[in-house]
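# Report on the structure
Each chain, letter by letter, is given below.
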Amino acid sequence: MGKTVVITGAGGVLCSTMAEALAKEGHKIALLDLNKDAADKVAEKINNAGGKAIGVKANVLEKDSLVLAKEEVNKAFGKCDILINGAGGNHPLGTTSNPFLQAEDLLNKTEGFKTFFDLDPKGIQFVFNLNFIGTLLPTQIFAEDMVGRDNCSILNVSSMNAFTPLTKIPAYSGAKAAVSNFTQWLAVHFSKVGIRVNALAPGFFLTEQNRTLLTNEDGSLTPRGNQIIEQTPMGKFGEPEHLVGTTLWLCGEGASFVTGVVVPIDGGFSAYSGV
Ligand code: NAD
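Structural notes, computed from the coordinates. Source: prediction; values computed, not measured.

## Section: the pairing of strand E6 (residues 195–202)
Taken across its eight residues, E6 has eight buried, putting it largely inside the fold. Residues Ile195, Val197, Ala199 and Ala201 point to one face of E6 and Arg196, Asn198, Leu200 and Pro202 to the other, with burial holding for every one of them. As paired strands, strand E5 (residues 152–157) and E6 are joined by six bridges and run parallel to one another. Within the sheet, the bridge partner assigned to Ser153 lies in E6 and is Arg196. Running through helix H5 (residues 170–189), the crossover from E5 to the neighbouring parallel element E6 is right-handed. Strand direction decides the pairing type here: E6 and strand E7 (residues 262–265), joined by four bridges, are parallel. In the sheet register, Ala199 faces E7, and the bridge partner there is Val262.

## Re the sheet that holds strand E3 (residues 52–57)
Sheet architecture is open: seven strands sit in the order E3-E2-E1-E4-E5-E6-E7, paired in parallel fashion. Edge positions in the open sheet fall to E3 and E7, since each of these has one partner strand only. Going from strand to strand, the sheet's axes swing by 20° on average, the running direction of each strand aside. This element, helix H2 (residues 36–48), spans strand E2 (28–33) and E3 of the sheet and lies at about 175° to E3. Each of strand E1 (4–8), E2, strand E4 (82–85) and E5 is contacted by helix H4 (residues 121–142), which is oriented at about 165° to E4, the strand it contacts most.

## What about the pattern of salt bridges?
Side chains that carry opposite charge are capable of pairing whenever their charged atoms lie near each other. Inspection of every chain in the model, using the stated rule, returns five salt bridges. Between Glu20 and Lys45 there is a salt bridge whose closest N-O contact spans 3.3 Å. Linking Glu20 in helix H1 (residues 13–24) with Lys45 in helix H2, this pair joins segments that are 25 residues apart in sequence. What makes Glu20 partly exposed here is its relative accessible area of 23%.

Rules used in this analysis
- Residues numbered from 1 in each chain as written.
- Predicted model: local features only at pLDDT ≥ 70, side-chain atom pairs only at ≥ 80, totals over all residues.
- Heavy atoms only, no water.
- Buried < 20%, exposed > 50% of the residue type's maximum accessible area, 1.4 Å probe, protein only.
- Helix = DSSP H or I, 4+ residues; strand = E, 2+ residues; numbered from the N terminus.
- Pairing = 2+ DSSP bridges.
- Right-handed = clockwise from strand over helix to strand, strands pointing away.
- Axes fitted to C-alpha atoms, helices over the stretch in contact; angles between N-to-C directions.
- Contact = heavy atoms within 4.5 Å.
- Salt bridge = Lys/Arg side-chain N within 4 Å of Asp/Glu carboxyl O.

Keep in mind these values describe shape, not function.
Here it is as structure tokens:
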């Protein structure tokens, strides 16, 4: 029987693909997003293909908004069986201009150039809130539906940068490390009430958020894009569809004894030392 699946950030590139795949398995999908139009578009696509989905406006950083979203989901599809915490991302204010600090960076500063010393706490807080608090709050609201019921699970979205931080993005790397750590904590905490908790750690997926960082206008790779491909043994960026198999496995009964794992989906990036 189809389960009720709640996905945050579901209007985005990666989570909309996961949503479509889960809908094809016969599940009812509640697509939560700050951007209601984006969520509605995904819902329309799923419904037109014969699936069941609704778009729901929700801010993962506001408890009241999530409580309202839960009422809407429960009314349409009943209790939540599976929660995917997909909303997340980085912010330019938590990002340095260069991978390494050079002594001369402090002497010849140009407009807009950001060293570690210029990082703005507001940017860091934005990123920690969106990724960590934005995973914790929806879990508080939706996991109550799961307590004591069979085959319920939570899937968080961490990142490969949680294993080893990427240069330039200390806030995003730290926030995703917190998501991975929290995944293990929750898996243990919820182990007696039948809720499994796991996470995906996607590598580099070419999306609107990072397209200009990784590729030039003509589609060729930027130096950073090139560096990533050289460091990825499988030699390519991920496609959203690469997340589908692991998502269906971790949310399904084949993973009924799997909890507290963070699965890298990164073409071997995190396994490779570069030598
Ligand atoms: P995306 O920007 O396409 O989607 C993110 C969605 O989250 C957007 O629809 C946005 O409206 C929504 N959102 C933002 N703030 C929100 C809030 N406060 N409340 C509710 N919704 C909110 O991003 P994506 O690339 O599909 O990433 C999805 C997840 O995967 C994120 O957690 C991201 O950190 C993670 N991730 C992405 C990559 C990658 O290469 N794209 C790699 C590793 C991890």
